[in-house]
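# Report on the structure
What follows is the residue order along each chain.
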Amino acid sequence: MTGYPPNAEPARYPSPAAHALPSPQAQAPARAIGVDLGGTKIEAIVLDPHGASLWRQRVATPAGDYAATLSTVAALVARAEADLGLAACSVGVGTPGTATREGLLKNANSTCLNGRPLAHDLGLALGRPVRIANDANCLALSEATDGAGAGAAVVFAVILGTGVGAGIVVDGQLLGGPNGLAGEWGHNPLPWADTDDASSIASAPPCYCGQRGCIETWLSGPGLARDHARHTGEALTAQQIGQRAATGDAPADATLQRYERRLARALAHVINLLDPHVIVLGGGLSGLDRLLVNVPRLWDDFVFSGGVKEPVRTRLVRSLHGDSSGVRGAAWLWRDAVPDALPDERGAVRERGRQS
Ligand SMILES: [Zn+2]
């Protein structure tokens, strides 16, 4: 799930320097475990330093049971290490919601996690420090490390799904910020609103965050469905709208055209602020091929040009790892602790400052 603010820096418990627990990699081969803690399933992966998946399993989330959730994660990690004959590996966890400064999870749609010191408790359960980050940040880290944004200095990665979230990676490092808010673009208002947007904002329910007109309320799957219903009276899912548009259905095509214009404006805002080399689209709506073609054509009109039109060099791409980016990014939360991870990194072509 996405759209649950804010994106905190990876939380750590305990501080490796302040605690007697051994560093996860101190006695272990260089393997990184990632756990994607979702509302319906918990998935774990073991990556080698080159990003190859060595082991992967998925189990159902014990709904509404915090203690059982902790023990399920611990059991998955133990099983992975036993199957591969590994000692204590690093463990990163992707979660809905994020941690407060005090380490308490908030805004998780799996509500039994809210108010809980998840990284702390998982650290105790696993006997090692654990880092956690929200799913959009995991997507960004995954795609910037060895996905569609690999080699780019600044990557902005977006989840367009049930909600809208985003993460920012600069020079391979996840950006958090003093408020843990870096990337919370989904709760900015839609920029350059037109009259259709304005009338919709007036009639639409407020965003769950309390504001009206948030980007998430337009660009999420439910937002797309609501816009289609408002214009046509048809109650279709985002997936159905995409399928109908692909077969030439005019109302569905018009809905996607409105969606593309809104996404282009929202991303032009990001380009004006951050000027990323690559914008990665993930989440269910990123499966719409037409976005990758149409949105860059449309954002040209909104990216600041100072009166001199130049091609926008930011690339818009689809996530390479798709649904796997959450669990892979969680594993890469400890990338700095995996010896020789992605050894070609230092030699990779970096786009930073490149004037091509
Ligand atoms: Zn909002």
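Overview of the structure. (Residues numbered from 1 in each chain as written. Predicted model: local features only at pLDDT ≥ 70, side-chain atom pairs only at ≥ 80, totals over all residues.)

## A closer look at the sheet that holds strand β10 (residues 164-170)
- The five strands are arranged β11-β10-β9-β12-β13 in an open sheet whose pairing can be described as mixed. Each having just a single partner strand, β11 (173-174) and β13 (315-318) make up the two edges of the open sheet.
- In this sheet, β10 lies alongside strand β9 (residues 154-160) in antiparallel orientation, the contact comprising seven bridges. Pairing of L160 across the sheet is with V164, part of β10. (Pairing = 2+ DSSP bridges. Helix = DSSP H or I, 4+ residues; strand = E, 2+ residues; numbered from the N terminus.)

## A word on the environment of G329
- Mapped onto the fold, G329 is located in helix α10 (residues 325-332).
- With 183 residues separating them along the chain, G329 and D146 place their C-alpha atoms 9.6 Å apart.

## Regarding the packing of helix α7 (residues 238-246) against helix α8 (residues 250-274)
- Two elements in contact, α7 and α8, have axes separated by 7 Å at closest approach and are oriented at 115°. Our pair here, α7 against α8, has a crossing hand that is left-handed. On the side of α7, the interface is formed by I241, R244 and A245, while α8 contributes A252, D253, T255 and L256.
- By residue class, the composition of the contact of α7 with α8 is four nonpolar, one polar and two charged. (Axes fitted to C-alpha atoms, helices over the stretch in contact; angles between N-to-C directions. Left-handed = near helix turned anticlockwise from the far one by under 90°. Contact = placed C-beta atoms within 7 Å. Nonpolar A, V, L, I, M, F, W, Y, C, P; charged D, E, K, R; others polar.)

## Points about the pairing of strand β3 (residues 41-47)
- Most of β3 sits inside the fold, with six of its seven residues counted as buried.
- Taken together, the six bridges between strand β2 (residues 32-37) and β3 define a ladder with antiparallel strand orientation. Bridge pairing in β3 links D36 to E43.
- In textbook terms, the turn of a hairpin is the stretch between consecutive antiparallel strands, and for β2 and β3 this stretch comprises three residues.
- Hairpin remark: β3 followed by strand β4 (residues 53-60), antiparallel, with five residues in the connecting loop; positive phi at G51, about 90°. (Buried ≥ 20, exposed ≤ 12 C-beta atoms within 10 Å, placed from the backbone.)

## Observations regarding the nonpolar core
- Counting 87 residues, the largest nonpolar core has I33, V35, A140, V155, A157, V158 and L267 as the members making the most contacts within it.
- Per-element tally for this core: the top contributor is α8, with nine residues.
- When we break this core down by domain, the ones giving at least three residues each are domain 1 (11-133 + 323-337) and domain 2 (148-319).
- Apart from the residues lying within four places of it in its own chain, the contact partners of V35 are I42, A44, V73, L76, V91, V93, V327 and A330. (Core = buried A, V, L, I, M, F, W, Y, C linked by C-beta atoms within 7 Å. Domains from an automatic or database assignment.)

## Comments concerning the pairing of strand β5 (residues 90-95)
- Burial analysis of β5 places six of its six residues in the buried class, which makes it a mostly covered element.
- In the sheet, β2 pairs with β5 via five bridges, with the strands oriented parallel. Across the sheet, the residue bridging to V35 is V93, located in β5.
- The sheet contact formed by β5 and strand β8 (residues 130-134) spans five bridges and is parallel. Each bridged residue has a counterpart across the sheet, and for G92 the counterpart in β8 is R131.

## Quick look at the environment of A246
- Along the chain, A246 turns up in helix α7.
- Distance from A246 to L288, taken between C-alpha atoms, is 9.4 Å for residues 42 residues apart in sequence.

## Section: helix α6 (residues 221-232)
- The end-to-end C-alpha distance of α6 is 16 Å, a good match for the 16 Å that twelve residues give at a rise of 1.5 Å each.
- If you check which residues of α6 are buried, you get G221, G223, L224, D227 and H228. The buried residues of α6 all sit within an arc of 165° when viewed along its axis, so they share a single face.
- On its buried face, α6 is in contact with α4 (195-203), α5 (215-219), α7 and α8.
- Where α6 ends, the next residue or the one after it, G233, has phi of about 80°, a positive value. (Expected span 1.5 Å × (residues − 1). Arc of directions from axis to C-beta.)

## Some thoughts on the environment of G39
- Inspection of the secondary structure puts G39 in the loop between β2 and β3.
- Looking at G39, the number of C-beta atoms within 10 Å reads 15, which means it is partly exposed.
- A sequence separation of 24 residues divides G39 from A63, and the C-alpha atoms of the two residues are 7.4 Å apart.

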